[in-house]
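Analysis of the macromolecular model
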Amino acid sequence: MYDIVIIGSGPAGLSSAIYAQRAGLKAVVVEKNYLGTGQISESERVDNYPGLYGENGFDLGEKFRSHAESLGTEFIEGEAVKISKNATDYSIELDNGNSLETHTVIYAVGTERRKLQVEGEKEFSGRGVSYCAVCDAAFYKDKITAVAGGGDTALGDAALLSKFAKKVYLIHRRDKFRANKTLQQKVENISNVEILLNSQIKKINGSNKVESITVDKNGAETEIKVDGVFVAVGSVPNSAILKDLVEVDNNGYIVANEDGVTSANGIFVAGDVRTKKLRQVVTAVSDGANCVLSAEDYLEKIK
Ligand code: NAP
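Computed from a predicted structure; not experimentally measured.

The immediate surroundings of the ligand are formed by 19 residues, with Asp152, Thr153, Arg174, Arg178 and Gln280 found nearest. In the model, an oxygen atom of the ligand is placed 2.7 Å from a nitrogen or oxygen of the Arg174 side chain. When the free accessible area of the ligand is taken as 920 Å², the share hidden by the protein chains comes to 77%. For the shell around the ligand, the class distribution of residues is three nonpolar, nine polar and seven charged.

In structure tokens form, the structure reads like this:
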């Protein structure tokens, strides 16, 4: 029986692991198919994490992980597919058939990339359609690319792609970007980035791979020749397995304040998957620490 099962090994989960180890709790981190520490590992550069200015997202995540490992954190590979309550405790079933018994759960699985949901997106995924510029930008040397979205991810992707591609179309559905002002100014000044506002990709076309996109601007459609499309239109929370146990909001985010306390006794939530205003590494690691404190309070009451 664990004191805490931490589900997810992104910054929020690893921060929980560090705090749990230091508190002397019996804890384990469950992670699905480890490829890096969550979505931050796909950021080329993180400029807003205090003290580690300019760090590559993957490297930053690896530092968090090494820290947790150095304290003796136990990691188990597997995807949590079911969580059920037995009296005061929880049973977590993994996709590999294993199951874990625990007094508390810290749920820190983050979000996954939202799809554009247009014709050709699924068909050309991996053949010109990408959701990770850090992973794939280098394949587009001297090619023409498009980025869909108007947030930090989309503008960061456009800036990164501009170093490889000869041309980058940044296509955003509104007349204003959501991304931070510094990034907006940076991208507006890159000569090979062309910004198309009030525009939406309607269709991704090609035979074996992406060849063009159909873009709608105020009802008028234009076909633009591109070799690659980077989709950066936000994320959706991975809360499906908890939706019968905890309260979620209309968008599927698990309702909790910064203490991570959810509507279910013994289930705490950290990072991007909870309701919050600012989804950043700095808030995720803070959530992880707070959740362990909340879990300790709860354990004192039930033990
Ligand atoms: P986001 O901020 O939610 O932005 C998503 C963008 O996609 C918005 O501009 C949105 O348009 C657009 N969009 C949504 N659905 C669409 C659709 N169906 N078709 C076309 N466009 C659509 O997502 P994000 O950029 O991935 O950022 C997520 C969080 O991570 C944010 O808090 C961000 O600050 C953070 N982040 C931080 C860093 C960093 O610090 N280095 C890097 C990346 C991301 P509207 O604007 O019209 O809604």
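A contiguous patch of positive charge on the surface is contributed by Arg114, Arg173, Arg174, Lys176, Arg178 and Lys181. Position of Arg114 relative to the elements: it lies in the loop between strand E7 (111–113) and strand E8 (129–130).

Under the UniProt annotation, "domain: FAD/NAD(P)-binding" (unreviewed entry) lies at residues 2–288. End C-alpha to end C-alpha, residues 2–288 measures 17 Å, and it is 20% helix and 31% strand.

The subject of this paragraph is the state of the cysteines. Inspection of the entire model under this criterion finds one disulfide. Between the sulfur of Cys132 and that of Cys135 lies a disulfide, 2.0 Å long from S to S. Linking Cys132 and Cys135, the disulfide has an S-S dihedral of approximately 75° and is accordingly described as right-handed. Judged by its relative accessible area of 8%, Cys132 is buried.

Before going further, it helps to spend a moment on the nonpolar core. Ranked by internal contacts, the top residues of the largest apolar core, which has 28 residues, are Ile4, Tyr49, Phe64, Ile106 and Val281. Counting residues per element, the ones that place at least two in this core are strand E1 (2–7), helix H1 (11–22), strand E2 (27–31), helix H2 (57–70) and helix H6 (281–302). When residues in this core are grouped by element, the largest group, eight residues, is from H6. Beyond its immediate chain neighbours, meaning those up to four positions away, Tyr49 contacts Leu60, Phe64, Val281, Val282 and Val285. Formed by 22 residues, the second largest nonpolar core is a distinct cluster that contains Ile7, Ala264, Ile267 and Val273.

As a further point, take unusual backbone geometry. Notably, Asp142 is not glycine yet its phi reads approximately 60°, a positive angle. Backbone geometry at Asn198 places phi at a positive 50°, although glycine is not the residue there. Take Asn198: it is sitting in the loop between strand E11 (193–196) and strand E12 (199–206). Judged by its relative accessible area of 32%, Asn198 falls in the partly exposed class.

Bringing the packing of helix H4 (residues 152–161) against helix H5 (residues 181–188) into the picture now. For the pair H4 and H5, the least separation of the axes is 10 Å and the interaxial angle reads 30°. For H4 against H5, the interelement crossing comes out left-handed. Contacts between H4 and H5 involve Asp152, Leu155, Gly156 and Ala159 from the first element and Leu183, Gln184, Lys186 and Val187 from the second.

Counted under the stated rule, the structure contains eleven salt bridges. Ionic pairing is found between Glu69 and Arg65, a salt bridge with its closest N-O pair at 3.2 Å. With a gap of four residues between them, Glu69 and Arg65 both fall in helix H2, about one helical turn apart. Overall, Glu69 belongs to the partly exposed group, its relative accessible area being 42%. Bridged by salt links that share partners, the residues Glu31, Arg65 and Glu69 form one connected network.

Each assigned domain of the protein is listed here: domain 1 (2–112 + 235–302) and domain 2 (129–231). On a C-alpha basis, the centres of domain 1 and domain 2 stand 32 Å from each other. Taken together, the four residues of domain 1 in the interface contact six residues of domain 2. Across the interface of domain 1 and domain 2, roughly 370 Å² is buried in total on both sides, 53% from carbon and sulfur atoms. Of all residues in domain 1, Glu42, Glu44 and Gln280 give up the largest surface area on contact with domain 2, accounting jointly for 90% of the area buried on that side. Between domain 1 and domain 2 we count zero salt bridges in total. Applying the counting criterion to the domain 1 and domain 2 interface returns zero residue pairs in polar contact (both at pLDDT 80 or more).

Right, let's get into the sheet that holds strand E10 (residues 167–171). Ordered by their spatial adjacency, five strands build an open sheet running E8-E15-E9-E10-E11, and the pairing between neighbours is parallel. Lying at the two open borders of the sheet, with one neighbouring strand each, are E8 and E11. H4 rests against strand E9 (144–148), E10, E11 and strand E15 (228–231) of the sheet, and its axis sits at about 170° to E9.

Along the chain, Gln184 turns up in helix H5. Not counting the four nearest positions on each side in its chain, Gln184 is found in contact with Leu155, Phe177 and Ala179.

Calculation notes
Counting starts from 1 at the beginning of each chain's written sequence and moves along it residue by residue. Confidence filtering applies because this is a predicted model: local features only for residues at pLDDT of at least 70, side-chain atom pairs given and counted only at 80 or more, and all residues used for totals across whole chains, interfaces and linings. Where side-chain values are given, they derive from all heavy atoms of the structure, hydrogens and water being excluded. Any residue with at least one heavy atom within 4 Å of a molecule or strand is counted as near it. Polar contact criterion, stated in full: a pair of N or O atoms within 3.5 Å, where within protein one must be able to donate a hydrogen and the other to accept it, and residues adjacent in sequence count only if both atoms are side-chain atoms. Here the Shrake-Rupley method, with its probe set to 1.4 Å, supplies the accessible areas, and only the displayed protein chains count as covering residues. Basically, the charged four are Asp, Glu, Lys and Arg, the nonpolar ten are Ala, Val, Leu, Ile, Met, Phe, Trp, Tyr, Cys and Pro, and anything else, Gly included, counts as polar. Think of a patch as exposed residues, more than 30% relative accessible area, with no salt bridge, where like charges cluster within 9 Å and nonpolar side chains (Val, Leu, Ile, Met, Phe, Trp, Tyr) cluster within 5 Å. Criterion for a salt bridge: a side-chain nitrogen of Lys or Arg within 4 Å of a carboxyl oxygen of Asp or Glu. In this charge count, Lys and Arg are treated as positive and Asp and Glu as negative; neither His nor the chain ends contribute. A charge is said to be at NZ when it belongs to Lys, at CZ for Arg, at CG for Asp and at CD for Glu. Each helix is a run of DSSP H or I of at least 4 residues and each strand a run of E of at least 2, with the numbering of both proceeding from the N terminus. UniProt positions are given in the numbering used here, feature names are shortened, and annotations may be inferred rather than shown by experiment. Disulfides are defined as pairs of cysteine sulfur atoms found within 2.5 Å of each other. Per-residue accessibility, obtained with a 1.4 Å probe over protein chains only, is compared with the maximum for each type, and a residue is labelled buried under 20%, exposed over 50%, and partly exposed between these values. We call a set of buried residues a nonpolar core when its members are Ala, Val, Leu, Ile, Met, Phe, Trp, Tyr or Cys and they connect through side-chain atoms within 4.5 Å of each other. The criterion used for residue contact is that any of the two residues' heavy atoms lie within 4.5 Å. Lines are fitted to the C-alpha atoms to define the axes, a helix being fitted only along its stretch in contact, and any angle between axes, read from their N-to-C directions, falls within 0 to 180 degrees. With the far helix as reference, a near helix turned anticlockwise by less than a right angle produces a left-handed crossing, and one turned clockwise produces a right-handed crossing. What counts as a domain boundary in this text is fixed by an automatic or database domain assignment. Once two parts are joined, some of their accessible surface, as seen by a 1.4 Å probe, is lost; buried area is that loss totalled over both. The pairing criterion is simple: DSSP has to find at least two bridges between the two strands.

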